[in-house]
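# Close look at the chain arrangement
In case you want the letters, here they are:
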Amino acid sequence: MTVPEEVIKLAEDIKNMKIRGAGEIARAAVKGLSIAAAKSEADSREEFMRDLDNAAKVLLSTRPTAVSLPNALRYVMVRAYRAYEGGGTKEEIKESVFRASDEFYKNSLKAVDLIGMYGSRRIEDGDVIMTHCHSTAAVSILVNAWRSGKKFEVISTETRPRYQGRITASILAKEGIPVSLIVDSAARFFMEHVDKVVVGADAVAANGAVVNKIGTSMIALAAHEARVNFIVAAETYKFSPETVLGSLIRIEERPADEIVDTQYLRDNPGVKVRNPAFDVTPASYVDLIVTEKGVIPPEAAILVLKEEFGWFSSVSLPKFLKEGLETPVEMSEY
Ligand code: RUB
């Protein structure tokens, strides 16, 4: 299998979370395919497609939950296969990979900006906003609102075990936004003072359920109880087409040593440590999903999926995705 060093390194960085957050993972993935295309030493078109497939497989295997990853790979690979099936030369297919990768990358950043703009309209002067983990899209809403002159404060959970909430708090503080960092278990304690919760998403299912960092659903439950608005910031490439066909989104379970040190594990062989990285918030606890195409209720997730991906096939999915995904999906566009 000829996968360039740089792509393997990128995949490792995603796996060990040097590159993290669903949007960043997607951007890294398309960059990885560009590198694979540029570095390929294939003599034939067929061999070139195999090199691309192999790179896509390696990237796809890194983290299972962020749907942005297969969607980003699919965006580029569908276009590469189209060029291939249309009889394009190796150079033409390569060009299509560069073009698609660049297009996805730029559009994804534009999407984060648009989400910031639309979402910021829901923030009001005097709001206390709770957030969880570190989401570029959620931060974009908060920073946009602040830069437009709104005055509010943010409560950021630290987000155990990887403490991504510290990243969020430090970005907001640098922006001048008043921010308090709390332990995750204090979320309900503070909820009575909160006006809105704003979080990101790793995946949105066809039924409007939102998959995000572990603990999100507990915060949603507390928000629901306190009648606090629960807002999700999610680019449309985080919506999962596989869920239309009945697949469930896989929840990543990470190593025990993210929670306790190895000495503890050695001293306590009878203790089993569980470390799911994400959880599912049902649509009924979500008030709004802010996408780059507009603000929608979670029930409209199916419409986004239909518009983005369609569900009647004319072109089958690239081979690597058929093998990599639990349920093969046939799609016409994207
Ligand atoms: C990150 C996380 C983020 C979403 C959205 O989890 O749950 O809320 O990925 O982020 P991890 P973004 O740190 O395990 O990757 O808006 O940046 O895509």
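Since the structure is predicted, the reported quantities are computational estimates derived from the model, not experimental observations.

## Notes on the pattern of salt bridges
- Going through the model one piece at a time under the given rule, you end up with 19 salt bridges.
- In this structure, the salt-bridge partner of Lys 18 is Asp 13, at a minimum N-O distance of 3.8 Å.
- The class for Asp 13 is buried, based on a relative accessible area of 11%.
- A salt bridge links Lys 238 to Glu 235; the shortest N-O distance between them is 2.5 Å. Accessibility assignment for this pair places Lys 238 and Glu 235 in one class, buried.
- One salt-bridge network, in which partners are shared between bridges, spans Arg 63, Arg 162, Glu 252, Arg 254 and Glu 258.

## Thoughts on the sheet that holds strand 5 (residues 203-204)
- Taken together, the three strands give an open sheet; going across it, the order is 5-6-8, and neighbouring strands pair in antiparallel fashion. The open sheet terminates on both sides in strands that have one partner only, identified here as strand 5 and strand 8 (278-281).
- Looking at chain direction, strand 6 (residues 210-213) and strand 8 are connected through four bridges and run antiparallel. Looking across to strand 8, one finds that Lys 213 is bridged to Phe 278.

## Remarks on the nonpolar core
- Among the nonpolar cores identified, the biggest contains 40 residues, and Leu 33 and Leu 52 are the most heavily contacted of them.
- Elements represented by at least two residues in this core include exactly helix 1 (5-15), helix 2 (22-39), helix 3 (45-60), helix 4 (68-85) and helix 5 (90-120).
- Here this core takes ten residues from helix 2, the largest share from any one element.
- When sequence neighbours within four positions are dropped, the list of residues in contact with Leu 52 reads Leu 33, Ala 37, Met 77, Ala 80 and Val 97.
- Ala 187, Val 194, Val 286 and Ile 296 belong to the second-largest nonpolar core, a separate cluster that totals 31 residues.

## Points about the packing of aromatic side chains
- In this structure the tally under the stated criterion is five aromatic pairs.
- Plain terms: the ring middles of Phe 104 and Tyr 237 are 5.0 Å apart, the flat faces sit at 55 degrees to each other, and that makes the pair tilted. With Phe 104 in helix 5 and Tyr 237 in the loop between strand 7 (229-233) and helix 10 (262-267), this residue pair connects regions lying 133 residues apart in the sequence. For the residue pair Phe 104 and Tyr 237, the accessibility class agrees, reading buried in each case.
- Summarising the aromatic geometry, the rings of Trp 146 and Phe 152 are spaced 5.5 Å apart at their centres and angled 85 degrees between planes, so their arrangement reads as edge-to-face.
- Grouping aromatic residues by their ring pairs yields a cluster made of Tyr 75, Phe 104 and Tyr 237.
- Above the face of the Tyr 163 ring, Arg 166 is positioned so that its terminal group lies 4.0 Å from the ring centre.
- Over the ring of Phe 278 we find Lys 213, and its NZ or CZ is 4.3 Å from the ring centre.

About the criteria used
- For every chain, the first residue of the written sequence is number 1, and numbering continues from 1 onward in sequence order.
- In keeping with the model being predicted, local features are shown solely for residues with a pLDDT of at least 70 and side-chain atom pairs are shown and tallied solely at 80 or more, while totals for entire chains, interfaces and linings include all residues.
- Here the side-chain values reflect all heavy atoms present in the structure, with hydrogen atoms and water set aside.
- The term salt bridge refers to a side-chain nitrogen of Lys or Arg lying within 4 Å of a carboxyl oxygen of Asp or Glu.
- Any residue under 20% of the maximum accessible area for its type is buried, any over 50% is exposed, and the rest in between are partly exposed; the area is computed with a 1.4 Å probe on protein chains only.
- Note on pairing: two strands pair once DSSP finds at least 2 bridges between them.
- Elements are defined by DSSP. Helices are runs of H or I of four residues or more, strands are runs of E of two residues or more, and each kind is numbered from the N terminus.
- To form a nonpolar core, buried Ala, Val, Leu, Ile, Met, Phe, Trp, Tyr and Cys residues must be joined to one another through side-chain atoms within 4.5 Å.
- Only heavy atoms matter for contacts: two residues are in contact if any of them lie within 4.5 Å across the pair.
- Ring geometry is summarised as follows: Phe, Tyr and Trp rings, the Trp one being its six-membered ring, pair when their centres sit within 6.5 Å, and such pairs are stacked at plane angles under 30 degrees, edge-to-face over 60 and tilted between the two.
- Geometrically, a lysine NZ or arginine CZ counts as sitting over a ring once it is within 6 Å of the ring centre and also within 35 degrees of the ring normal.

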